[in-house]
Amino acid sequence: MHVPDGIIPLWLLLILYVVSGLFLAFSIKRINRRFDDKLVPYMGVLAAVVFAAQLVNFPVPPFSSGHLVGSTLLAVMVGPFAGIVIMALVLFIQALYGDGGLLSYGLNLFNMGVFSCFFGWAASLLLFKGMRKAMNDERAVTIGTSIAAFITTVVAAFVLGLELLSVSGFNELALAAITGVHLIIGVGEAILTSAILLYFVRAKPRLISFLKDSDVQEIAEVIETDWATSQEGTKVVAK
Amino acid sequence: MEKETYIKFVIPAVVVLVAIIGITILSGLASDNPDGFEWAVFDFAGVAEPECGFPGIFSFLGEGPLVDVLTGAVGIVIVLFIGLLIFKVTSRKE
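The structure presented is a predicted model; accordingly, all values stated were derived computationally and were not measured.

Enquirer: Please explain the overall build of chain A as it appears in this structure.
Expert: Check the secondary structure of chain A and you find 8 helices and 2 strands. For chain A, the C-alpha radius of gyration of 17 Å lies close to 18 Å, the compact-globule estimate for 239 residues. Counting only C-alpha atoms and orienting by the principal axes, one finds that chain A spans roughly 55 × 35 × 25 Å. Carbon and sulfur atoms form 68% of the exposed surface of chain A, whose accessible area is close to 8800 Å². Considering chain A, the positive charge centre built from 15 side chains and the negative charge centre built from 16 side chains are found 9 Å apart.

What follows is the structure, given as structure tokens:
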């Protein structure tokens, strides 16, 4: 899903540079001073995990391949704002590696960071809320996030397809094709998301914002509350 | 506490990540097929693949599984360090 330079028209790249830049600046402002410095090593490792997972493509027989994006995973673990910051870092290093263009960086950050983090977070939260009535929280967050990761991958591919309609030669049939191939890639995303999340659920459950007594609830808040005086306010994240 | 976290969690995590991508790439398990975007745009829709563009900071090393593992490992360490730096700066000192 990394778009190189020279495909999408410049006007669209510039618009999405501005949009993504504003979201990134707002995300940094939102996470600033909202988490304890003892969490820093874990956040660094999460960024490294997503970068490593994006390095390796799994096959989509017979003609294509895909890789983990990780936005939904990050959004559920540390919230959409910290997720956007991590995706911005990962995508920037990848752009320096030649995977995704430097001019297309804003568009790639919008698709795989801004849009996917918020959409993945919202879909996961809805599924988690529904599923926790039938199972324990750990199982609900793992299954709910995996399903949300699948949906997010397909919807993000559709959004990318809409952007590509601005390219000469890319038509509605190609939009269906890019969405369709991501139905299979989404299954891979869901499997990898559940595998990584399962590890953290068992080894470091306090790093998952949806779970009770999480250390990252404050940074993962989407609706602003006064954390110092209102522990109740954190319930907007997971309850 | 923080030093202990780095020794017990961060360093082993980086070693495991590098090992996983190393084994996956060198054993040929990673796919060389075009990804979903490339397939849909270049193969299916027939859009011309751009020839210009930034080739990447490690393009001078050429291509191959060994180069992919080496540059991947360097990238993991770079992302880790910059990530630690960003989150250190934005964290709250307790």
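Having put the structure on the table, let's press on.
Enquirer: Sorry, what's going on with the packing of helix α2 (residues 40-55) of chain A against helix α3 (residues 71-96) of chain A here?
Expert: If you want to describe how two helices pack, look at the angle between their axes and the distance between the axes. Residue and element names in this part refer to chain A. Between α2 and α3, the shortest axis-to-axis distance is 9 Å and the interhelical angle comes to 60°. In terms of orientation, α2 lies oblique with respect to α3. Like other packed secondary-structure pairs, α2 and α3 cross with a definite hand, here right-handed. Only Leu74, Met77, Val78, Ala82, Ile86, Met87, Leu89, Val90, Leu91, Ile93 and Gln94 of α3 make contact with α2, whose side of the interface consists of Met43, Leu46, Ala47, Val50, Phe51 and Gln54. Here the contact of α2 with α3 is composed, by residue class, of 15 nonpolar, 2 polar and no charged.

Enquirer: Even after reading the chapter, I still don't get α3(A), so can you show me in this structure?
Expert: Working note: α-helix, 3.6 residues per turn, so residues spaced by three or four point in the same direction. Taking 1.5 Å per residue as the helical rise, α3(A) with its 26 residues ought to reach 38 Å, whereas the 20 Å between its terminal C-alpha atoms falls clearly short. Along its length, α3(A) reaches its greatest deviation from straightness, about 125°, at A:Val78, and the proline A:Pro80 lies no more than four positions downstream.

Enquirer: Would you mind going over unusual backbone geometry with me for this structure?
Expert: All names here are of chain A. At the junction of Pro61 and Pro62, the peptide bond is cis and its omega measures out at 0° in the coordinates. The phi dihedral of Arg33 falls on the positive side, at around 65°, and the residue is not glycine. Despite not being glycine, Asp213 shows a phi value in the positive range, around 60°. Considering the arrangement of structural elements, one finds Asp213 in the loop between α6 (172-203) and α7 (217-220). Asp213 gets classed as exposed once you look at its relative accessible area, which sits at 53%.

Enquirer: Help me out: how do you make sense of the interface of chain B and chain A in this one?
Expert: Many descriptions give the size of an interface as the accessible area lost when the pieces come together. Facing 50 residues of chain B, the contacting portion of chain A comprises 63 residues. In this assembly, chain B packs against chain A so that about 4700 Å² is buried in total across both faces, 75% of it on carbon and sulfur atoms. If you sort the residues of chain B by the area they bury against chain A, B:Phe37, B:Phe87 and B:Arg92 come out on top, with a joint share of 17%. Inspection of the chain B/chain A interface yields 1 salt bridge.

Enquirer: Help me understand helix α4 (residues 105-131) of chain A in this model?
Expert: Residues and elements named next belong to chain A. Here α4 is 27 residues long and its end C-alpha atoms lie 36 Å apart, about the 39 Å a rise of 1.5 Å per residue gives. Along its length, α4 shows its largest kink, about 45°, at Ser116. Extensive coverage of α4 is indicated by the burial of 19 of its 27 residues.

Enquirer: Any chance you could explain the environment of A:Arg132 here in plain terms?
Expert: All names here are of chain A. With respect to the element layout, Arg132 can be found in the loop between α4 and α5 (137-164). Distance from Arg132 to Gly144, taken between C-alpha atoms, is 9.2 Å for residues 12 residues apart in sequence. Among the polar contacts listed, one links the side chain of Arg132 to the side chain of Asp137, at a separation of 3.0 Å.

Enquirer: Would you mind going over the confidence of the model for chain A with me for this structure?
Expert: In low-pLDDT segments, the atomic positions of the prediction should not be examined closely. Residues and elements named next belong to chain A. Across chain A, the average pLDDT comes to 92, with 93% of residues at 70 or higher. Ranking the elements of chain A by mean pLDDT puts helix α8 (residues 235-238) last, at 48, and α5 first, at 98. For the stretch residues 227-236, pLDDT sits under 50, and the model shows 10 contacts to residues farther than four places along the chain or on other chains.

Enquirer: Could you clarify how one ought to interpret the side chain of A:Gln94 in this entry?
Expert: All names here are of chain A. Mapped onto the fold, Gln94 is located in helix α3. Here the side chain of Gln94 touches His2 through a polar contact of 2.7 Å, side chain to side chain. In contact with Gln94, not counting residues within four places along its chain, are His2, Phe51, Gln54 and Asp99.

Enquirer: Before we go on, may I ask you to explain the pattern of salt bridges in this structure?
Expert: Oppositely charged side chains can form a pair if their charged atoms are brought close together. All names here are of chain B. Enumeration according to the criterion identifies 5 salt bridges over all chains in this entry. Residue Lys8 is joined to Glu4 by a salt bridge in which the shortest nitrogen-to-oxygen separation is 3.2 Å. Remark: Glu4 and Lys8 occur in helix α1 (residues 2-26); sequence separation between them is 4 residues, near one turn of the helix. Residue classification places Lys8 among the exposed positions, given a relative accessible area of 62%. Residue class for Glu4 comes out partly exposed when judged on its relative accessible area of 43%.

Enquirer: What's the story with the side chain of A:Ser146 in this structure? I'm lost.
Expert: All names here are of chain A. Locating Ser146 in the fold gives a position in helix α5. For Ser146, a relative accessible area of 10% corresponds to the buried category. Here the side chain of Ser146 touches Thr142 through a polar contact of 2.7 Å, landing on its backbone oxygen. Excluding residues that lie within four positions of it along the chain, Ser146 makes contacts with Ala190, Thr193 and Ser194.

Reading the values: the criteria
- Residues numbered from 1 in each chain as written.
- Chains lettered and ligands numbered in written order.
- Predicted model: local features only at pLDDT ≥ 70, side-chain atom pairs only at ≥ 80, totals over all residues.
- Heavy atoms only, no water.
- Helix = DSSP H or I, 4+ residues; strand = E, 2+ residues; numbered from the N terminus.
- Rg over C-alpha atoms; globule rule 2.2 N^0.38 Å.
- Areas by Shrake-Rupley, 256 points an atom, 1.4 Å probe, with all protein chains shown as cover.
- Lys, Arg positive; Asp, Glu negative; His and termini not counted.
- Charge placed at Lys NZ, Arg CZ, Asp CG, Glu CD.
- Axes fitted to C-alpha atoms, helices over the stretch in contact; angles between N-to-C directions.
- Parallel < 35°, antiparallel > 145°, perpendicular 65-115°, else oblique.
- Left-handed = near helix turned anticlockwise from the far one by under 90°.
- Contact = heavy atoms within 4.5 Å.
- Nonpolar A, V, L, I, M, F, W, Y, C, P; charged D, E, K, R; others polar.
- Expected span 1.5 Å × (residues − 1).
- Bend = angle between axes of the 7 residues up to and from the residue.
- Buried < 20%, exposed > 50% of the residue type's maximum accessible area, 1.4 Å probe, protein only.
- Buried area = accessible area lost by both parts, 1.4 Å probe.
- Salt bridge = Lys/Arg side-chain N within 4 Å of Asp/Glu carboxyl O.
- Polar contact = N/O pair within 3.5 Å; in protein donor to acceptor, adjacent residues only side chain to side chain.
- pLDDT = per-residue confidence, 0-100.

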